[in-house]
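# Residue-level structure breakdown
If you want the building blocks of each chain, they are given just below.
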Amino acid sequence: MTGKHLAGGALLAFAPFLAGAVLGPTLAGCEAVLGLGSETALPEAAPARDAGTDAPHDAYVRHDAGTPPSGAVVVSSNSLASNWCAVTKAGDVECWGNNENGELGDGTTTRRASPVKVVGLKEPMASVSVGTGTVCALARSGAAYCWGIGIDGELGDGNTTAFSSMPVHVTGLESGVTAISAGWNVACAVQAGKALCWGDEMTYMLGSVRTTNALVPTLVPGLDSGVTEISVGIDAACAVQAGAVHCWGGFGGRGDLGNGTTTGSFTPVAVRGLTDGVEAVTVGGYFACALEKGGRVLCWGDGTHGALGDGQLAVSPTAVQVQGLTSGVLQVSAGAVSACAIEVGGTVACWGNGADGELGTGMTEPDATIASGGGSGSSTPVRVKGLSGPAVSESTGQAPCVATSEGKVECWGIVAEDALTPVRVTALSQVTSLTAAGNLSTEQFACAVSDGGLLSCWGANGSGELGTGTNTSSTTPVPNPGVSGGATSVSGGAGQACGVSSGLAYCWGDNRFGQLGNGTTKSSTVAVAV
(Lines give C-alpha, C1' and ligand atoms only; values in the text may rest on other atoms or scores of the structure.)
Protein backbone atom coordinates (compact mmCIF):
# COMPACT_ATOMS: atom_id res chain seq x y z
CA MET A 1 0.00 0.00 0.00
CA THR A 2 2.12 2.90 1.05
CA GLY A 3 5.77 3.59 0.83
CA LYS A 4 5.78 6.00 3.76
CA HIS A 5 2.52 7.52 4.68
CA LEU A 6 -0.70 6.14 3.29
CA ALA A 7 -2.88 4.25 0.92
CA GLY A 8 -6.39 4.48 -0.51
CA GLY A 9 -9.54 2.64 -1.69
CA ALA A 10 -13.12 1.55 -1.12
CA LEU A 11 -14.75 0.75 2.20
CA LEU A 12 -17.98 -0.56 3.62
CA ALA A 13 -18.73 2.31 5.94
CA PHE A 14 -16.81 5.14 7.44
CA ALA A 15 -17.38 8.05 9.78
CA PRO A 16 -15.70 11.22 11.03
CA PHE A 17 -12.54 11.20 13.07
CA LEU A 18 -13.63 12.04 16.58
CA ALA A 19 -10.10 12.66 17.82
CA GLY A 20 -9.17 16.31 17.80
CA ALA A 21 -12.83 17.31 17.42
CA VAL A 22 -12.59 16.72 13.69
CA LEU A 23 -15.72 16.42 11.63
CA GLY A 24 -15.41 14.42 8.44
CA PRO A 25 -17.61 12.48 6.01
CA THR A 26 -20.04 9.72 6.85
CA LEU A 27 -20.79 6.92 4.41
CA ALA A 28 -22.69 3.68 4.21
CA GLY A 29 -22.45 3.03 0.50
CA CYS A 30 -25.09 5.32 -0.99
CA GLU A 31 -25.25 8.81 -2.39
CA ALA A 32 -27.90 10.01 0.07
CA VAL A 33 -25.59 9.26 2.97
CA LEU A 34 -22.62 11.00 1.42
CA GLY A 35 -24.25 14.23 0.26
CA LEU A 36 -22.67 16.64 -2.21
CA GLY A 37 -19.67 18.92 -2.09
CA SER A 38 -19.44 22.41 -3.50
CA GLU A 39 -18.03 22.98 -6.96
CA THR A 40 -15.62 25.42 -8.56
CA ALA A 41 -14.53 25.81 -12.16
CA LEU A 42 -11.98 23.16 -13.16
CA PRO A 43 -10.36 22.02 -16.40
CA GLU A 44 -11.67 19.07 -18.34
CA ALA A 45 -9.68 16.45 -20.22
CA ALA A 46 -10.03 13.36 -22.37
CA PRO A 47 -11.94 10.54 -20.66
CA ALA A 48 -10.87 6.99 -19.97
CA ARG A 49 -12.82 3.75 -20.08
CA ASP A 50 -14.61 2.17 -17.13
CA ALA A 51 -12.28 -0.15 -15.33
CA GLY A 52 -14.52 -2.26 -13.16
CA THR A 53 -13.18 -3.61 -9.91
CA ASP A 54 -10.70 -1.51 -7.95
CA ALA A 55 -7.41 -2.72 -6.44
CA PRO A 56 -4.74 -1.81 -3.88
CA HIS A 57 -2.89 1.45 -4.13
CA ASP A 58 -0.45 3.65 -2.42
CA ALA A 59 0.73 7.11 -1.77
CA TYR A 60 3.74 9.04 -0.58
CA VAL A 61 3.99 12.45 1.02
CA ARG A 62 7.07 14.57 0.44
CA HIS A 63 8.76 15.58 3.66
CA ASP A 64 8.08 19.26 2.98
CA ALA A 65 4.35 18.69 2.51
CA GLY A 66 3.60 19.89 6.04
CA THR A 67 1.52 18.52 8.90
CA PRO A 68 -2.05 19.55 9.78
CA PRO A 69 -2.34 21.28 13.16
CA SER A 70 -4.86 18.78 14.54
CA GLY A 71 -7.00 15.78 13.71
CA ALA A 72 -6.11 13.38 10.91
CA VAL A 73 -2.58 13.48 9.58
CA VAL A 74 -2.68 10.43 7.31
CA VAL A 75 -5.55 8.38 5.88
CA SER A 76 -5.01 4.88 4.47
CA SER A 77 -7.16 2.24 2.82
CA ASN A 78 -7.10 -0.60 0.32
CA SER A 79 -9.72 -0.87 -2.37
CA LEU A 80 -9.77 -4.66 -2.26
CA ALA A 81 -10.54 -4.37 1.43
CA SER A 82 -13.33 -2.52 3.20
CA ASN A 83 -11.58 -0.96 6.14
CA TRP A 84 -9.80 2.32 6.63
CA CYS A 85 -7.20 3.59 9.08
CA ALA A 86 -5.75 6.95 9.98
CA VAL A 87 -2.97 8.36 12.10
CA THR A 88 -3.84 11.36 14.23
CA LYS A 89 -1.49 14.15 15.16
CA ALA A 90 -1.10 12.56 18.59
CA GLY A 91 0.21 9.40 16.93
CA ASP A 92 -2.84 7.24 17.57
CA VAL A 93 -4.09 4.88 14.87
CA GLU A 94 -7.86 4.76 14.41
CA CYS A 95 -9.60 2.32 12.07
CA TRP A 96 -13.14 1.65 10.92
CA GLY A 97 -15.10 -0.53 8.51
CA ASN A 98 -14.89 -4.30 8.07
CA ASN A 99 -13.27 -6.25 10.89
CA GLU A 100 -13.84 -9.89 10.01
CA ASN A 101 -10.17 -10.70 10.44
CA GLY A 102 -9.24 -8.18 13.10
CA GLU A 103 -8.25 -5.50 10.59
CA LEU A 104 -9.30 -2.71 12.95
CA GLY A 105 -6.83 -3.82 15.60
CA ASP A 106 -9.22 -3.20 18.49
CA GLY A 107 -9.08 -6.73 19.89
CA THR A 108 -12.42 -7.72 18.35
CA THR A 109 -13.88 -8.84 15.04
CA THR A 110 -16.79 -6.39 15.28
CA ARG A 111 -17.36 -4.18 12.28
CA ARG A 112 -17.27 -0.49 13.18
CA ALA A 113 -19.03 2.36 11.40
CA SER A 114 -16.96 4.94 13.28
CA PRO A 115 -13.26 5.01 14.11
CA VAL A 116 -11.92 2.96 16.99
CA LYS A 117 -8.45 3.23 18.42
CA VAL A 118 -6.05 0.40 17.67
CA VAL A 119 -5.15 -1.19 21.00
CA GLY A 120 -1.71 -2.35 22.06
CA LEU A 121 0.26 0.38 20.32
CA LYS A 122 2.06 1.81 23.32
CA GLU A 123 4.00 4.42 21.36
CA PRO A 124 3.02 7.08 18.81
CA MET A 125 2.80 6.03 15.17
CA ALA A 126 4.11 7.92 12.15
CA SER A 127 2.24 6.12 9.37
CA VAL A 128 -0.17 3.29 8.63
CA SER A 129 -0.67 1.12 5.55
CA VAL A 130 -3.79 -0.94 4.87
CA GLY A 131 -3.37 -4.10 2.82
CA THR A 132 -5.86 -6.74 1.73
CA GLY A 133 -6.77 -7.96 5.19
CA THR A 134 -3.52 -6.98 6.88
CA VAL A 135 -2.60 -3.56 8.28
CA CYS A 136 0.89 -2.43 9.20
CA ALA A 137 2.02 0.68 11.04
CA LEU A 138 5.35 2.41 11.49
CA ALA A 139 6.11 3.94 14.88
CA ARG A 140 7.94 7.21 15.24
CA SER A 141 10.64 5.20 17.01
CA GLY A 142 11.21 3.14 13.84
CA ALA A 143 9.45 -0.04 15.01
CA ALA A 144 6.99 -1.94 12.78
CA TYR A 145 3.68 -3.52 13.80
CA CYS A 146 1.07 -5.49 11.86
CA TRP A 147 -2.38 -6.91 12.57
CA GLY A 148 -5.17 -8.67 10.69
CA ILE A 149 -4.68 -11.71 8.44
CA GLY A 150 -1.47 -13.67 9.01
CA ILE A 151 -2.12 -17.12 7.59
CA ASP A 152 0.57 -16.76 4.91
CA GLY A 153 3.00 -14.89 7.12
CA GLU A 154 1.63 -11.42 6.42
CA LEU A 155 2.15 -10.35 10.05
CA GLY A 156 5.88 -10.97 9.78
CA ASP A 157 6.15 -12.38 13.31
CA GLY A 158 7.29 -15.86 12.27
CA ASN A 159 3.84 -17.41 12.65
CA THR A 160 1.00 -18.48 10.38
CA THR A 161 -1.75 -17.28 12.67
CA ALA A 162 -5.09 -17.08 10.87
CA PHE A 163 -5.41 -13.51 12.10
CA SER A 164 -4.55 -11.24 14.98
CA SER A 165 -7.03 -8.62 16.14
CA MET A 166 -4.27 -6.75 17.95
CA PRO A 167 -0.90 -5.48 16.68
CA VAL A 168 2.14 -7.73 16.84
CA HIS A 169 5.79 -6.72 16.46
CA VAL A 170 7.28 -7.58 13.09
CA THR A 171 10.26 -9.81 13.81
CA GLY A 172 13.56 -7.98 13.42
CA LEU A 173 11.90 -4.62 12.81
CA GLU A 174 12.00 -3.29 16.35
CA SER A 175 13.91 -0.19 15.25
CA GLY A 176 15.44 1.54 12.27
CA VAL A 177 12.44 1.23 9.95
CA THR A 178 11.85 4.27 7.76
CA ALA A 179 9.08 3.08 5.40
CA ILE A 180 6.41 0.37 5.37
CA SER A 181 3.84 -0.81 2.85
CA ALA A 182 1.13 -3.50 2.99
CA GLY A 183 -0.36 -4.82 -0.23
CA TRP A 184 -1.79 -7.99 -1.73
CA ASN A 185 -0.87 -10.64 0.90
CA VAL A 186 2.63 -9.16 1.12
CA ALA A 187 4.16 -6.38 3.17
CA CYS A 188 7.53 -4.70 2.75
CA ALA A 189 9.62 -2.27 4.75
CA VAL A 190 12.82 -0.29 4.57
CA GLN A 191 15.25 -0.73 7.45
CA ALA A 192 18.68 0.88 7.50
CA GLY A 193 18.49 1.34 3.73
CA LYS A 194 17.57 -2.29 3.06
CA ALA A 195 14.35 -3.53 1.44
CA LEU A 196 12.69 -6.44 3.23
CA CYS A 197 9.45 -8.25 2.41
CA TRP A 198 7.33 -10.98 3.97
CA GLY A 199 4.12 -12.87 3.27
CA ASP A 200 2.69 -15.08 0.52
CA GLU A 201 5.24 -16.36 -2.00
CA MET A 202 2.45 -17.06 -4.53
CA THR A 203 2.13 -13.32 -5.13
CA TYR A 204 5.67 -13.29 -6.59
CA MET A 205 6.27 -9.99 -4.82
CA LEU A 206 8.82 -11.08 -2.22
CA GLY A 207 11.66 -10.06 -4.53
CA SER A 208 13.27 -13.48 -4.91
CA VAL A 209 12.55 -16.94 -6.23
CA ARG A 210 10.86 -18.85 -3.40
CA THR A 211 8.81 -21.99 -2.90
CA THR A 212 7.70 -21.17 0.65
CA ASN A 213 6.11 -18.19 2.32
CA ALA A 214 8.31 -15.66 4.08
CA LEU A 215 7.13 -15.61 7.69
CA VAL A 216 9.61 -12.90 8.73
CA PRO A 217 11.14 -9.99 6.83
CA THR A 218 13.48 -11.24 4.11
CA LEU A 219 16.04 -9.18 2.20
CA VAL A 220 15.17 -8.32 -1.39
CA PRO A 221 18.26 -9.23 -3.48
CA GLY A 222 20.10 -6.20 -4.83
CA LEU A 223 18.32 -3.80 -2.51
CA ASP A 224 20.64 -4.15 0.47
CA SER A 225 21.60 -0.48 0.73
CA GLY A 226 20.48 3.00 -0.30
CA VAL A 227 16.75 2.21 -0.33
CA THR A 228 14.54 5.08 0.82
CA GLU A 229 10.96 4.19 -0.18
CA ILE A 230 8.94 1.07 -0.95
CA SER A 231 5.44 0.33 -2.24
CA VAL A 232 3.42 -2.87 -2.70
CA GLY A 233 0.42 -3.16 -5.00
CA ILE A 234 -1.65 -5.99 -6.44
CA ASP A 235 0.76 -7.27 -9.10
CA ALA A 236 4.09 -5.61 -8.39
CA ALA A 237 6.25 -3.98 -5.75
CA CYS A 238 8.71 -1.15 -6.27
CA ALA A 239 11.45 0.56 -4.28
CA VAL A 240 13.48 3.73 -4.61
CA GLN A 241 17.24 3.17 -4.37
CA ALA A 242 19.69 6.03 -4.80
CA GLY A 243 17.13 8.00 -6.83
CA ALA A 244 16.29 5.11 -9.17
CA VAL A 245 13.25 2.83 -9.09
CA HIS A 246 13.44 -0.96 -9.11
CA CYS A 247 10.34 -3.17 -9.41
CA TRP A 248 9.59 -6.88 -9.17
CA GLY A 249 6.59 -9.14 -9.70
CA GLY A 250 4.54 -7.94 -12.63
CA PHE A 251 3.42 -11.35 -13.86
CA GLY A 252 0.09 -9.90 -14.95
CA GLY A 253 1.76 -8.84 -18.19
CA ARG A 254 0.76 -5.17 -18.05
CA GLY A 255 4.19 -3.53 -18.12
CA ASP A 256 4.04 -2.44 -14.47
CA LEU A 257 7.73 -3.23 -13.91
CA GLY A 258 8.60 -0.33 -16.23
CA ASN A 259 11.66 -2.05 -17.69
CA GLY A 260 10.53 -1.92 -21.30
CA THR A 261 8.82 -5.33 -21.34
CA THR A 262 5.56 -6.89 -20.17
CA THR A 263 7.37 -9.87 -18.69
CA GLY A 264 7.34 -10.47 -14.96
CA SER A 265 10.44 -10.81 -12.80
CA PHE A 266 11.01 -12.50 -9.43
CA THR A 267 13.85 -10.09 -8.69
CA PRO A 268 14.09 -6.29 -9.00
CA VAL A 269 14.58 -4.68 -12.42
CA ALA A 270 15.24 -1.01 -13.16
CA VAL A 271 12.45 1.23 -14.42
CA ARG A 272 13.30 3.01 -17.67
CA GLY A 273 12.48 6.64 -18.49
CA LEU A 274 13.13 8.21 -15.08
CA THR A 275 15.86 10.85 -15.19
CA ASP A 276 15.72 13.43 -12.40
CA GLY A 277 16.19 11.58 -9.14
CA VAL A 278 13.09 9.85 -7.78
CA GLU A 279 11.86 10.77 -4.32
CA ALA A 280 8.92 8.37 -4.13
CA VAL A 281 7.10 5.55 -5.87
CA THR A 282 3.48 4.40 -5.60
CA VAL A 283 2.15 1.12 -7.02
CA GLY A 284 -1.50 0.70 -7.94
CA GLY A 285 -3.42 -1.90 -9.90
CA TYR A 286 -1.08 -2.93 -12.75
CA PHE A 287 0.54 0.49 -12.99
CA ALA A 288 2.85 2.64 -10.92
CA CYS A 289 3.92 6.26 -10.66
CA ALA A 290 7.06 8.02 -9.48
CA LEU A 291 7.59 11.46 -7.99
CA GLU A 292 10.87 13.02 -9.06
CA LYS A 293 12.76 15.88 -7.46
CA GLY A 294 11.07 19.17 -8.20
CA GLY A 295 7.64 17.54 -8.15
CA ARG A 296 7.54 15.89 -11.58
CA VAL A 297 5.26 12.82 -11.95
CA LEU A 298 5.74 9.92 -14.37
CA CYS A 299 3.79 6.66 -14.63
CA TRP A 300 4.12 3.29 -16.37
CA GLY A 301 2.17 0.07 -16.87
CA ASP A 302 -1.47 -0.41 -17.83
CA GLY A 303 -2.87 2.87 -19.11
CA THR A 304 -5.84 1.47 -21.03
CA HIS A 305 -8.14 3.35 -18.66
CA GLY A 306 -6.09 6.54 -18.66
CA ALA A 307 -4.23 5.78 -15.43
CA LEU A 308 -0.86 6.90 -16.83
CA GLY A 309 -2.13 10.47 -17.28
CA ASP A 310 -0.33 10.94 -20.60
CA GLY A 311 -3.43 11.42 -22.73
CA GLN A 312 -3.28 7.88 -24.09
CA LEU A 313 -5.33 4.74 -23.50
CA ALA A 314 -2.57 2.19 -23.84
CA VAL A 315 0.01 0.12 -21.99
CA SER A 316 3.45 1.68 -21.58
CA PRO A 317 6.23 -0.56 -20.21
CA THR A 318 8.41 2.52 -19.64
CA ALA A 319 7.78 5.67 -17.64
CA VAL A 320 5.84 8.44 -19.38
CA GLN A 321 5.22 12.02 -18.31
CA VAL A 322 1.87 12.79 -16.69
CA GLN A 323 0.59 15.76 -18.64
CA GLY A 324 0.79 19.05 -16.77
CA LEU A 325 2.58 17.61 -13.73
CA THR A 326 6.13 18.52 -14.67
CA SER A 327 6.79 20.27 -11.35
CA GLY A 328 5.21 21.34 -8.09
CA VAL A 329 3.69 18.04 -6.96
CA LEU A 330 4.02 17.17 -3.27
CA GLN A 331 2.40 13.74 -3.21
CA VAL A 332 1.14 11.13 -5.67
CA SER A 333 -1.18 8.20 -4.99
CA ALA A 334 -1.92 5.34 -7.40
CA GLY A 335 -5.22 3.49 -7.20
CA ALA A 336 -6.53 0.58 -9.23
CA VAL A 337 -7.11 2.48 -12.47
CA SER A 338 -6.84 6.08 -11.34
CA ALA A 339 -4.34 8.27 -9.54
CA CYS A 340 -4.30 11.59 -7.74
CA ALA A 341 -1.63 14.12 -6.86
CA ILE A 342 -1.43 16.94 -4.32
CA GLU A 343 0.11 20.08 -5.76
CA VAL A 344 1.84 22.99 -4.05
CA GLY A 345 -0.91 24.98 -2.36
CA GLY A 346 -2.94 21.88 -1.53
CA THR A 347 -4.96 21.49 -4.73
CA VAL A 348 -5.61 17.94 -5.91
CA ALA A 349 -5.52 16.65 -9.49
CA CYS A 350 -6.71 13.18 -10.53
CA TRP A 351 -6.69 11.12 -13.71
CA GLY A 352 -7.80 7.70 -14.98
CA ASN A 353 -11.07 5.89 -14.40
CA GLY A 354 -13.94 8.03 -13.14
CA ALA A 355 -17.01 5.82 -13.49
CA ASP A 356 -17.82 6.16 -9.80
CA GLY A 357 -16.78 9.78 -9.50
CA GLU A 358 -13.19 8.94 -8.46
CA LEU A 359 -11.82 12.07 -10.16
CA GLY A 360 -13.93 14.44 -8.06
CA THR A 361 -14.88 16.66 -10.97
CA GLY A 362 -18.65 16.37 -10.63
CA MET A 363 -19.00 14.10 -13.67
CA THR A 364 -19.23 10.39 -14.48
CA GLU A 365 -20.89 10.55 -17.88
CA PRO A 366 -19.35 8.44 -20.68
CA ASP A 367 -17.75 10.32 -23.53
CA ALA A 368 -18.24 9.71 -27.24
CA THR A 369 -14.48 9.33 -27.75
CA ILE A 370 -14.32 6.29 -25.47
CA ALA A 371 -14.25 2.89 -27.10
CA SER A 372 -17.04 0.38 -26.59
CA GLY A 373 -17.79 -0.31 -22.95
CA GLY A 374 -18.63 3.23 -21.95
CA GLY A 375 -17.28 4.48 -18.67
CA SER A 376 -15.89 7.88 -17.86
CA GLY A 377 -12.76 9.52 -16.64
CA SER A 378 -9.79 11.46 -17.93
CA SER A 379 -6.51 10.34 -19.43
CA THR A 380 -4.92 13.61 -18.27
CA PRO A 381 -5.10 15.28 -14.83
CA VAL A 382 -8.21 17.26 -13.87
CA ARG A 383 -8.71 19.27 -10.70
CA VAL A 384 -10.85 17.94 -7.88
CA LYS A 385 -13.67 20.34 -7.11
CA GLY A 386 -14.94 21.61 -3.82
CA LEU A 387 -12.26 20.82 -1.24
CA SER A 388 -12.80 22.94 1.86
CA GLY A 389 -9.11 23.58 2.36
CA PRO A 390 -5.59 22.60 1.27
CA ALA A 391 -4.97 18.85 1.14
CA VAL A 392 -1.92 17.47 2.94
CA SER A 393 -2.55 13.73 2.62
CA GLU A 394 -4.52 11.59 0.18
CA SER A 395 -5.79 8.09 -0.49
CA THR A 396 -6.85 7.08 -3.98
CA GLY A 397 -9.37 4.50 -5.15
CA GLN A 398 -13.10 4.19 -5.76
CA ALA A 399 -13.52 6.31 -2.63
CA PRO A 400 -10.63 8.78 -2.68
CA CYS A 401 -10.15 10.80 0.49
CA VAL A 402 -7.89 13.62 1.58
CA ALA A 403 -6.94 15.02 4.94
CA THR A 404 -6.96 18.80 4.86
CA SER A 405 -4.67 21.20 6.68
CA GLU A 406 -7.36 21.50 9.37
CA GLY A 407 -7.39 17.75 10.01
CA LYS A 408 -10.73 17.22 8.27
CA VAL A 409 -11.32 14.26 5.99
CA GLU A 410 -13.24 14.73 2.75
CA CYS A 411 -14.08 11.98 0.27
CA TRP A 412 -15.70 11.42 -3.08
CA GLY A 413 -16.50 8.57 -5.47
CA ILE A 414 -17.31 5.01 -4.26
CA VAL A 415 -20.66 3.59 -5.49
CA ALA A 416 -22.54 6.81 -4.87
CA GLU A 417 -23.18 8.52 -8.17
CA ASP A 418 -23.98 11.79 -6.42
CA ALA A 419 -20.64 11.88 -4.57
CA LEU A 420 -18.92 13.37 -7.58
CA THR A 421 -17.09 16.04 -5.58
CA PRO A 422 -15.65 15.98 -2.04
CA VAL A 423 -18.27 15.63 0.66
CA ARG A 424 -18.50 15.79 4.41
CA VAL A 425 -21.37 16.18 6.84
CA THR A 426 -21.57 19.95 6.95
CA ALA A 427 -24.68 20.45 9.09
CA LEU A 428 -23.24 18.94 12.25
CA SER A 429 -20.60 20.07 14.72
CA GLN A 430 -18.94 18.63 17.80
CA VAL A 431 -20.25 15.13 17.11
CA THR A 432 -20.35 12.92 20.21
CA SER A 433 -21.98 9.79 18.76
CA LEU A 434 -22.35 8.56 15.20
CA THR A 435 -23.64 5.52 13.34
CA ALA A 436 -23.71 4.51 9.68
CA ALA A 437 -26.07 1.67 8.86
CA GLY A 438 -28.26 -0.04 6.31
CA ASN A 439 -27.84 -2.62 3.61
CA LEU A 440 -24.92 -2.21 1.21
CA SER A 441 -27.18 -1.99 -1.83
CA THR A 442 -30.28 -0.24 -0.45
CA GLU A 443 -31.55 1.76 2.50
CA GLN A 444 -28.25 3.31 3.60
CA PHE A 445 -28.54 5.99 6.24
CA ALA A 446 -26.65 7.56 9.10
CA CYS A 447 -27.43 9.34 12.36
CA ALA A 448 -25.41 11.45 14.74
CA VAL A 449 -25.73 13.10 18.12
CA SER A 450 -24.10 16.49 18.31
CA ASP A 451 -23.03 18.53 21.30
CA GLY A 452 -26.16 19.72 23.09
CA GLY A 453 -28.03 16.45 22.58
CA LEU A 454 -29.43 17.08 19.09
CA LEU A 455 -30.01 13.80 17.19
CA SER A 456 -30.06 14.10 13.40
CA CYS A 457 -30.25 11.54 10.60
CA TRP A 458 -29.75 11.55 6.85
CA GLY A 459 -29.78 9.16 3.89
CA ALA A 460 -32.41 6.65 2.75
CA ASN A 461 -35.78 6.73 4.51
CA GLY A 462 -37.91 4.04 2.91
CA SER A 463 -38.60 2.40 6.26
CA GLY A 464 -38.68 5.57 8.31
CA GLU A 465 -35.03 5.26 9.36
CA LEU A 466 -34.66 9.02 9.73
CA GLY A 467 -37.45 9.23 12.31
CA THR A 468 -38.92 12.35 10.76
CA GLY A 469 -42.51 11.09 10.45
CA THR A 470 -42.19 10.67 6.68
CA ASN A 471 -40.50 8.39 4.16
CA THR A 472 -38.67 11.21 2.43
CA SER A 473 -34.95 10.68 2.10
CA SER A 474 -32.51 13.48 2.83
CA THR A 475 -28.98 14.16 1.62
CA THR A 476 -28.32 16.42 4.62
CA PRO A 477 -28.87 15.82 8.36
CA VAL A 478 -32.40 16.47 9.62
CA PRO A 479 -33.37 16.58 13.33
CA ASN A 480 -35.27 13.63 14.74
CA PRO A 481 -38.30 15.28 16.39
CA GLY A 482 -39.10 12.28 18.57
CA VAL A 483 -35.74 12.39 20.32
CA SER A 484 -35.40 16.08 21.00
CA GLY A 485 -32.63 17.54 23.18
CA GLY A 486 -30.84 15.36 25.68
CA ALA A 487 -29.80 12.59 23.29
CA THR A 488 -26.54 10.95 24.30
CA SER A 489 -26.06 8.12 21.80
CA VAL A 490 -27.45 6.55 18.63
CA SER A 491 -27.02 3.24 16.84
CA GLY A 492 -28.34 2.10 13.46
CA GLY A 493 -29.27 -1.28 12.00
CA ALA A 494 -30.64 -2.59 8.71
CA GLY A 495 -33.63 -0.24 8.36
CA GLN A 496 -33.99 0.98 11.92
CA ALA A 497 -32.17 3.03 14.51
CA CYS A 498 -32.27 3.52 18.27
CA GLY A 499 -31.17 6.36 20.49
CA VAL A 500 -30.87 7.20 24.16
CA SER A 501 -32.31 10.48 25.43
CA SER A 502 -32.57 11.56 29.06
CA GLY A 503 -31.84 7.99 30.08
CA LEU A 504 -34.68 6.48 28.01
CA ALA A 505 -34.35 4.31 24.89
CA TYR A 506 -36.22 5.08 21.68
CA CYS A 507 -36.30 3.28 18.33
CA TRP A 508 -37.78 3.98 14.89
CA GLY A 509 -37.92 2.50 11.39
CA ASP A 510 -38.46 -1.09 10.26
CA ASN A 511 -40.23 -3.25 12.88
CA ARG A 512 -41.26 -6.36 10.94
CA PHE A 513 -39.44 -8.56 13.42
CA GLY A 514 -40.06 -6.49 16.54
CA GLN A 515 -36.78 -4.57 16.26
CA LEU A 516 -38.27 -1.46 17.87
CA GLY A 517 -38.89 -3.24 21.15
CA ASN A 518 -42.31 -1.73 21.76
CA GLY A 519 -44.26 -4.98 21.83
CA THR A 520 -45.53 -4.72 18.23
CA THR A 521 -44.37 -5.56 14.70
CA LYS A 522 -45.62 -2.30 13.22
CA SER A 523 -42.95 -0.12 11.67
CA SER A 524 -42.76 3.53 12.72
CA THR A 525 -41.48 6.64 11.00
CA VAL A 526 -41.21 8.37 14.37
CA ALA A 527 -39.37 7.39 17.52
CA VAL A 528 -41.21 5.09 19.91
CA ALA A 529 -40.26 4.25 23.48
CA VAL A 530 -38.73 0.84 24.03
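The preceding data block contains the structure.
A few points on the structure. Computed from a prediction, not measured in an experiment: that's the story for all the values here.

## Some points on the sheet that holds strand β12 (residues 194-199)
Spatial strand order, β10-β11-β12-β13: 4 strands in an open sheet with antiparallel pairing. Edge positions in the open sheet fall to β10 (177-182) and β13 (214-219), since each of these has one partner strand only. Across the sheet, the mean angle separating the axes of adjacent strands is 15 degrees when strand polarity is ignored. In the sheet, β10 pairs with strand β11 (residues 186-191) via 5 bridges, with the strands oriented antiparallel. Following the sheet pairing, V177 is matched in β11 by Q191.

## Topic: the state of the cysteines
Scanning the model with the defined rule gives 7 disulfides in all. For C238, the disulfide goes to C247, at an S-S distance of 2.1 Å. Judged by the sign of its S-S torsion, about 105 degrees, the bond between C238 and C247 is right-handed. C247 matches C238 in its accessibility class, with the two residues each being buried. Note that C340 is cross-linked by a disulfide to C350, the S-S spacing being 2.0 Å. Taking the sign of the S-S torsion, about 105 degrees here, the bridge from C340 to C350 comes out right-handed. Within this pair, whereas C340 is found in strand β23 (residues 338-343), its partner C350 is found in strand β24 (residues 348-353), the two being separated by 10 residues in sequence. Taken as a pair, C340 and C350 share a single burial class, namely buried.

## What about the sheet that holds strand β34 (residues 496-501)?
Either a parallel or an antiparallel arrangement is found when strands of a sheet pair, and the pairing is made through backbone hydrogen bonds. If you walk across this open sheet you meet the 4 strands as β33-β34-β35-β36, and the pairing is antiparallel. The open sheet has two edge strands with one neighbour each: β33 (487-492) and β36 (524-529). Ignoring which end each strand starts from, the neighbouring axes of this sheet average 20 degrees apart. Bridge count between β33 and β34: 5 bridges; the pairing is antiparallel. Along β34, the bridge assignment pairs G492 with A497.

What counts and how
Residues numbered from 1 in each chain as written. Predicted model: local features only at pLDDT ≥ 70, side-chain atom pairs only at ≥ 80, totals over all residues. Heavy atoms only, no water. Pairing = 2+ DSSP bridges. Helix = DSSP H or I, 4+ residues; strand = E, 2+ residues; numbered from the N terminus. Axes fitted to C-alpha atoms, helices over the stretch in contact; angles between N-to-C directions. Disulfide = S-S within 2.5 Å. Buried < 20%, exposed > 50% of the residue type's maximum accessible area, 1.4 Å probe, protein only.

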